[in-house]
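# Summary of structural features
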Amino acid sequence: MTFDPQRSLAMVRHEFGEHGGVNMSIEASTTFTVMDAASMPELFQGHRGPEGGCYLYGRHFNPTVYVLGRYLAALEGTQAAYCTASGLSAIACTLMQICSPGDHIVAAETIYGGTHALLKEFLPAKTGVHTTFVDIGNNDAVAAAMTDRTKVVYCETLANPTLVVADLPRLAAIAHARGAKLVVDNTFSPMILSPAQHGADVVVHSMTKFLGGASDIIAGAVCASQEFIVSMMDLHTGSLMLLGPTMDPKVAAALALRLPHLGLRMTEHSRRAQAFAERLAERGLAVTYPGLPSHPGHELLRALANEGYGFGGLFTLDTGSKETAFRLMDILQNEHRFGFLAVSLGYFDTLMSCSASSTSSELSDEDLQAAGIRPGLVRISIGYTGTLEQRWAQFAEALQKVGLL
Ligand SMILES: *Cc1c(COP(=O)(O)O)cnc(C)c1O
C-alpha cells in the first residue's frame, strides 16, 4: 500500500493526559529525577533514554516534545524526528551535523531567503562549509556540481517562491551515488509530499507555516533515521543538543493539537489555490501554480504527491511591475479585507507578499534574476476563511482596479 501521512498519523500511539485526558499533559519540568543514584551515569552515557521513559534534562529530551517528534516521524514516515525552536534552527543544525570544515553542499538556487543566507554567507564564514547553488530542475547541473567533498544535496519540495517541483527520486540517486545525503525542506507541502518516501535522508520543516496553521508559533522539525536524530542529540557532538534550539514543551503541546486537522486544512488550501489559479489562467494572467497542467512540474508533482491533498496552498502572480504589485496588495488588504500584506504562509487567512522585495530580498539582483523572481511577482498563500466565491469576487475586483483584468 502506498504511504498516506494521514493514515500514518492515525496509527501512531495516542498519548493520553496524566489523568486520562484525551490530550497529552504538558511536562513542564526542565530536569528529571532518577530512581537511584546509579541510574544517573547510565543516562549520561546514553545507555538509557526516552524510549525507556528515562529523561535527563529538558534541552536533551522532554516527554511532551518527544511525543510531538513521534507524530512528526509518523507524518513523514521516518524512523524518528525531533522538534526545534524554529525551522531555520532545524535546517542549520541538520547541515552542521552532516558537514565538517571543507565539506561542500549542492543546493537549489531558489530557496527560502534565510536558508540562502545561511548557505551563502554564514556557513562558509563560520564553518568553512561551502555551497554551490544550481538550478535544481536541471539534473545534469546538480550532478556536475557534486565534488568528492559534497555531503549534502539540499532543496525544497516546492521552491520558494518559484514553485519549481524537485525531482526527489532523481536527486536522491545523484546524491547517494556520491555518498551524499539528500536533505529536503517540506515546509510548503506537508501531507501533499512525503520526501522520505522518495529517497530523502532528512526532511526538515518550518512548523511555523502550515503545520502550525495559525501564525502564532515559531517552530521547526528534523525528520530522519533514528541514528541521525540520536547523533543530533549526542551530549558531546550533537548539534541540537549543543547549539540548543530546544522547543518549549508548551509549544509542543499546542502544536500536537494542530496535526489532527492538518490533512483537512491542506486539502482546503489546495482546493482554493487550484480554483484561483485556474480562473487566473483562463483570463490569461501570469499565474504559477503546480496544479495547472501548464506548470512544468505538474506531471512530476502528480506522480510524487500523496493522493487527495491537492497541489498546495501557494500560487504566484506576476503583475508586471513592483508598483502594480504594491497597489494590488494594498487594495486587497485595505479595501477588500481579502487577506493580509505579510510574509509567511500556511495561515488560515490569505497572506500576500512581493517576494523580490521581502522574503527573497537577501538575494542579489543577479541571484533574483537567475532564480526568475521578478519585481512584480506576488506570492499568495491562500487561506480558507470566508467562502471561495466571496474571495474570488474580491480578488477579481482588485485585479480590475489595477488594470490586470
Ligand atoms: C519560513 C521558512 C523557513 C524558516 O523557518 P522559521 O520557522 O521561520 O525559522 C525555512 N524554509 C521555508 C521553506 C520557510 O518557508
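Residues numbered from 1 in each chain as written. Predicted model: local features only at pLDDT ≥ 70, side-chain atom pairs only at ≥ 80, totals over all residues. Heavy atoms only, no water.

Domain annotation for the protein reports domain 1 (5-260) and domain 2 (261-401). Taken over C-alpha atoms, the centre of domain 1 sits 27 Å from the centre of domain 2. Contact residues are listed per partner, giving 39 residues for domain 1 and 42 residues for domain 2. For the domain 1 and domain 2 pair, buried surface summed over both sides reaches about 3,200 Å², with 66% attributable to carbon and sulfur atoms. At the surface where domain 1 touches domain 2, the tally comes to one salt bridge. (Domains from an automatic or database assignment. Contact = heavy atoms within 4.5 Å. Buried area = accessible area lost by both parts, 1.4 Å probe. Salt bridge = Lys/Arg side-chain N within 4 Å of Asp/Glu carboxyl O.)

Contacts to the ligand come from 14 residues, most closely from Leu-88, Asp-185, Ser-206, Thr-208 and Lys-209. Leu-88 has a polar backbone atom sitting 2.8 Å from an oxygen atom of the ligand. Here Asp-185 contributes a side-chain N or O atom positioned 2.6 Å from a nitrogen atom of the ligand. Here the ligand, which alone exposes 380 Å², has 93% of that area covered by the protein. Classifying every residue of the shell around the ligand gives six nonpolar, five polar and three charged. (Near = heavy atom within 4 Å. Polar contact = N/O pair within 3.5 Å; in protein donor to acceptor, adjacent residues only side chain to side chain. Areas by Shrake-Rupley, 256 points an atom, 1.4 Å probe, with all protein chains shown as cover. Nonpolar A, V, L, I, M, F, W, Y, C, P; charged D, E, K, R; others polar.)

Our focus in this paragraph is the pairing of strand E4 (residues 150-156). Most of E4 is tucked away, with six of its seven residues classed as buried. Two strands pair when backbone bridges link them, and strand E2 (residues 104-108) and E4 are joined in this way by four bridges, in the parallel orientation. In the sheet register, Val-106 faces E4, and the bridge partner there is Val-153. Looking at chain direction, E4 and strand E5 (residues 181-185) are connected through five bridges and run parallel. What sits directly across from Val-153, in E5, is Leu-182. Considered for its hand, the β-α-β crossover made up of E4, helix H7 (residues 168-177) and E5 is right-handed. (Buried < 20%, exposed > 50% of the residue type's maximum accessible area, 1.4 Å probe, protein only. Helix = DSSP H or I, 4+ residues; strand = E, 2+ residues; numbered from the N terminus. Pairing = 2+ DSSP bridges. Right-handed = clockwise from strand over helix to strand, strands pointing away.)

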